[in-house]
Every structure is written in structure tokens, then in C-alpha cells.
Amino acid sequence: MGAAMAADDAGRLLTLPGDLERAIAALLAQAPSARWQHAARALSARYRAPRQDDGRALASGERDVLGYLAQFVPATYAQLRGAMQAVARRIPGWQPATLLDLGSGPGTALWAAAACWPMLRRAVAHEREDAFIAIGRTLCQAAPHPAVRDARWSAGDIRTTVARHPTPGDLVVIGHVLGEIAPDERVALLTNAWMRCSGVLLVVEPGTPDGFAVVRAARATLLGLAGVTLAPCPHDLPCPLHDDWCHAPQRIMRPAFQRAARAASGQWEENKFSYCAIGRMPGTQPVWARVLREPTWNKAYAEVELCTRDGTARPRGLKRDRAAFRAIKDLAWGAALADAAALLPPDDA
Ligand SMILES: C[S@@+](CC[C@H](N)C(=O)[O-])C[C@H]1O[C@@H](n2cnc3c(N)ncnc32)[C@H](O)[C@@H]1O
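Cut-off values and rules
- Residues numbered from 1 in each chain as written.
- Predicted model: local features only at pLDDT ≥ 70, side-chain atom pairs only at ≥ 80, totals over all residues.
- Helix = DSSP H or I, 4+ residues; strand = E, 2+ residues; numbered from the N terminus.
- Pairing = 2+ DSSP bridges.
- Domains from an automatic or database assignment.
- Nonpolar A, V, L, I, M, F, W, Y, C, P; charged D, E, K, R; others polar.
- Near = placed C-beta within 6 Å.

Caption draft 1: The arrangement of the environment of Asp157 in detail. Relative to the helices and strands, Asp157 resides in the loop between strand S3 (152-155) and helix H9 (158-164). Along the backbone, Asp157 and Leu102 are 55 residues apart, and their C-alpha atoms lie at a distance of 9.3 Å.

Okay, here's the thing in C-alpha cells:
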């Protein structure tokens, strides 16, 4: 099997579910556009600013939530779906029935999980801010999928509510939240979340060095609790990266409201995310390596940076070997490679 065939099509262009896009557009239409556009810009500045561990919510109140819907939901949906698809490719037969979403915001992960795993039957959204819960509920009513439409919203602080949650979830999602939790409280939250996870725990953060540092520490914590890495790493070893960060891109079409909030004209955008999916069971699809960067090429060779079962590697395909050159040049950033044989010279394979 050629390398291109052994890899997946990570990062392929997504669209926000039509029902979610229309429900957001309808909510935004009820407020003056200057109001949510201003809120989106202010929120964006707060998310970019260095973290203050003062316990104050970064987004609260209806105005902030409208800004969040306009500017961030397409981006976080893309990132969550990108990470979920990587999990689904690793364990294609897995059929999660229940979802616990911790720090749900407006319920983005519920929509993403239902799109990725249509067999989902029940979802519980844990969220602290009343405005996110009210708007999340309204959006969910527009969902065709019963698990999203009938999702239960649990109000409270996940640092305490998760430990009390009565039943485990097959899928537990902590999306763009862990970075908002004080560093010394993350291990306890992850431990409680793991206790409530019967299948896969997924942590997603923005694909920045800071976001990756949060994910890398979370992975180490969960491996210490006897979890198994499903994605992105092709191993359970400590992360081999130094002075670098593991992240992947996911493209999504920009709805009109997001173009307005970002003052951007491009039809689509690429969102970078860092993530780890830790399972109670191993993956069923073999993975030898993960593509860490866009391949590069010149007149002599194509080259790609990989995280492999044995550490990092930078295989080359010489231009004079057209098949090897193409196999490397065509790899998608973020894709999993099933085996080494197609990429490495015979001596290394
Ligand atoms: C950046 S948003 C992410 C929302 C959603 N998970 C997503 O990926 O789009 C972070 C959410 O976590 C919530 N949050 C932060 N800390 C929390 C806590 N201690 N307990 C419950 N929710 C929390 C915030 O209110 C906010 O809705």
C-alpha cells in the first residue's frame, strides 16, 4: 500500500452544520450587529491576553456569548471535529452512546460529536455560565439529532460537578477549557473526568505553544492513570518534541456572521488545534506515525516531519523516485500513517 493511501485525509474542508449556522444567525439577527461584533473583538483580546488566575470568567453574559457564537463557534467546531475524526479513524468500530461535555460553552462539542458519531444517544453539557447555558439550550432545540436536541444541561463548576456526575460517559470532552482552569487544579479535574470516562477522554486546546503545553501535561496525567493514547501520538511514550509544539490544521467554511465578526472576506479559514485522545482501550487501526507539519519539497527531494513509534523522523523522497517523492509531498498535515514501509528507504523500513 502506498504512503498516500495509508494516510488519512486530515484537515479536509468542513462546514458548520446547517441547523446550527441558521440558529446562530437567527439569534444574532435579534441584536444590533455592532453589539456582537464589538463583543467578539473584546473577547478575542481577552482570550489572547496572558491568563490571570483570578477566577473571573473570560466570557459571561448574553453579549459575550453572542460575540462567542459569531467569532469562535465555527473555529472551535472545526477543531473539535478535527480531533474527533482522528479518534474515529483510530477506532472506526467504536460506537459511543453517551457524551459528557465539560465546559460546554454553547454546546459546540455536542454538535461535533453527533456529526462524527451519529449513533450517540445521550449528551450532558456541564457549564458554569448561565448565559452560555440559556443560549446553548436554544441552539440545541434546532438540532435534528435527538441527543443534541434533548441534551441535559448541568449548571455548575466542573471542578466540583464532574466528580458528582452519576454515570460515566463513553466520550468525555474537555474542549478549550483546561487552559481556563488554574494549572494546579488541572490534575484533579482530569482525574475526576477520567473516573467518569468509560471510553475516550478528548482534550482540545488552540494549536499554540501554550495550548500544546496544556495538552501535553494533560496527556501525561491521563497516561499516569493507565490511559492509552489513541491520537495524535502513535505511542504512549513521553512526547519527544523539544522547542516545538504538536498541532494540526482543520479548515472550515466561514459563515457570513463569522466573516462579519472577524472583518474577514475569505470564504474559509484554517484553524490549528492541539489535542490528545486517551482511551480505556487501544486503537484498532494500526498507526506508525503522525504527520507533524506540512511536507516541504525542493528540486531534489520532498521531506516530511513525523512523530513515530520510535520518536521523531524526517524521511525524504528523492525527486528521481517519482513515487516516493509524490507519496511524501501529498501527505496531509495531521494525518496518521499506518506503516513505515512505503516511506522509508529499504534499509530503514
Ligand atoms: C472557550 S469556551 C469553550 C466552549 C466549548 N467547549 C468549545 O470548545 O467551543 C470555555 C467554556 O468553559 C466554561 N468554563 C470555564 N471554566 C469552567 C468551570 N470551572 N466550570 C464550568 N465551566 C467552565 C466557560 O464558561 C466557557 O463556556
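Caption draft 2: Region of interest: the sheet that holds strand S12 (residues 306-308). Read across the sheet, four strands follow the order S13-S12-S9-S15 without closing on themselves; strand pairing throughout is antiparallel. In the strand order of this sheet, the two ends are held by strand S13 (311-313) and strand S15 (336-337), each with one partner. With three bridges joining them, strand S9 (residues 289-291) and S12 adopt antiparallel strand pairing. Opposite Ala289, over in S12, you have Thr308 as the bridge partner.

Caption draft 3: Structural context of unusual backbone geometry. Residue Pro232 follows Ala231 across a cis peptide bond; omega there is 0 degrees. Inspection of the secondary structure puts Pro232 in the loop between strand S6 (228-231) and strand S7 (248-253). For Asp243, which is not glycine, the phi dihedral falls at a positive 50 degrees. Position of Asp243 among the secondary structure elements: in the loop between S6 and S7. Of note in this structure, Ala263 is not a glycine but carries a positive phi near 50 degrees. With respect to the element layout, Ala263 can be found in the loop between helix H12 (256-262) and strand S8 (268-279).

Caption draft 4: Local environment of the domain arrangement of the chain. Segmentation of the chain into domains returns domain 1 (3-7 + 287-337) and domain 2 (18-43 + 59-279). When contributions to the side of domain 1 that touches domain 2 are tallied by element, the ones reaching two or more residues are S9, S12 and S13. In the side of domain 1 that touches domain 2, the residues fall into seven nonpolar, four polar and two charged.

Caption draft 5: Spatial organisation of the site of the ligand. Taken together, 20 residues lie around the ligand, and Thr76, Gly103, Gly105, Arg128 and Gly175 are the ones closest in. Of all the secondary-structure elements, those providing two or more residues to the shell around the ligand are helix H5 (73-90), helix H6 (108-116) and H9. Residues of the shell around the ligand, tallied by class, amount to seven nonpolar, seven polar and six charged.

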